[in-house]
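Chains, contacts and geometry: an overview
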Amino acid sequence: MSESTRLSVFKTYKLYVGGKFPRSESGRVYEVTAGTSAAGAAGKGKWLANAPLSSRKDARDAVVAARKAFGGWSGATAYNRGQILYRVAEMLEGRREQFVREVGEAEGLSKSKAGAVVDAAIDRWVWYAGWTDKIGQVVGGANPVAGPFFNLSTPEPTGVVAVLAPQESSFLGLVSVIAPAIATGNTVVVVASERAPLPALSLGEVLATSDLPGGVVNVLSGRTAEISAPLAAHQDVNAIDLTGADAQLAKELEVAAADNLKRVLRPRAEDWKADPGTDRLTSFLETKTVWHPTGSLGASGSAY
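The present account deals with the structure reproduced in this document. (Residues numbered from 1 in each chain as written. Predicted model: local features only at pLDDT ≥ 70, side-chain atom pairs only at ≥ 80, totals over all residues. Heavy atoms only, no water.)

1. What about helix α6 (residues 172–183)?
Short version of the rule: Strands here mean DSSP runs of E at least two residues long; helices mean DSSP runs of H or I at least four residues long; both are numbered from the N terminus. Between the first and last residue of a helix there are one fewer steps than residues, each counted as 1.5 Å, and that sum is the expected span. The buried label applies to any residue whose accessible area, calculated with a 1.4 Å probe on protein chains only, is under 20% of its type's maximum; exposed applies above 50%, and partly exposed to all values in between.
The first and last C-alpha atoms of α6 sit 16 Å apart over 12 residues, in line with the 16 Å expected at 1.5 Å per residue. The element α6 is extensively covered by neighbouring structure, given that 12 of its 12 residues are classed as buried. Within the span of α6, buried status applies to Leu172, Gly173, Leu174, Val175, Ser176, Val177, Ile178, Ala179, Pro180, Ala181, Ile182 and Ala183. Just downstream of α6, glycine 185 is the residue with a positive phi angle, here 100°.

2. Looking at the packing of aromatic side chains
The criterion, for reference: To pair, rings of Phe, Tyr and Trp, with the six-membered ring standing in for Trp, must have centres within 6.5 Å; the planes then decide the type, stacked if under 30 degrees apart, edge-to-face if over 60, and tilted in the middle.
Per the stated rule, a full pass over the model turns up 5 aromatic pairs. Geometrically, the ring pair formed by phenylalanine 99 and phenylalanine 171 is stacked, given 4.7 Å between the ring centres and 20° between the ring planes. With phenylalanine 99 in helix α3 (residues 96–107) and phenylalanine 171 in the loop between β5 (160–164) and α6, this residue pair connects regions lying 72 residues apart in the sequence. By the burial criterion, phenylalanine 99 is buried, and phenylalanine 171 matches it. Joined through ring pairs, the aromatic side chains of Trp127, Tyr128 and Trp131 make up one cluster.

3. Here we look at the sheet that holds strand β10 (residues 285–293)
Using the following cut-off: The pairing criterion is simple: DSSP has to find at least two bridges between the two strands.
Ordered by their spatial adjacency, 3 strands build an open sheet running β3-β4-β10, and the pairing between neighbours is antiparallel. Where the open sheet ends on each side, the last strands, each with one partner, are β3 (141–142) and β10. The pairing of strand β4 (residues 149–157) with β10 spans 9 bridges and is antiparallel. Within β10, the residue paired with proline 157 across the bridge is leucine 285.

Put into structure tokens, the structure is as follows:
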């Protein structure tokens, strides 16, 4: 059969929830078109795919999946989490060409520029993977106290985190908000870029074929304002990252998040190409401090 007579096989993009690939329960989809530039508007480029238009029910299902996965993921050793995240980077490297094409189409970039973005995203995933068993040494430790006590502070994950991915940086920005949250033991519900969701949905395919347990990362596509509202008000979501929200939406979501005292990371101007620091690793960590008696001091002045 000649190449010219082949039928086009279009990819069907689906959500990634609980380690599975459901369609939106609403049955809705919306058109995704190519970006005309890095800041191009939707609807002005060629048609790329129909992406699921997630509903409030999809958001609630994703939270249930994230909560179910939290115990096992947060209870895993930091070293094991690092191994799993590194495996994800290996899988991304193996599908590099696919992501170069998707990022180039999504952001209106040339192949070489899209390749540089994808390479930076993979490198960043490796960078965060290396921090899993080190961040505790940076932000935790023994505290000096007056008395026969040990006083130890250790970081613990906040819980289920809702993440609004950056709107313009469909892959590098996406990795930059997901990787640090799960590296520290949280589970996440990610609302992909509304205009350019395809790299995020493809990331779900990579996560499903890595060693990452189902439910640790859940990816939703659709209208950011529609999906984020139930997440901000959800009583079983412990924190929310408002990176992908505009000023008005961020204000509304902060008000909703205050109802159950969610930890909120406010949107800020960020250069995703700049070297990352540890601030995103610590954004969704809580500090637990434990006191423990050293015992009676002996004649030598030592408790042991």
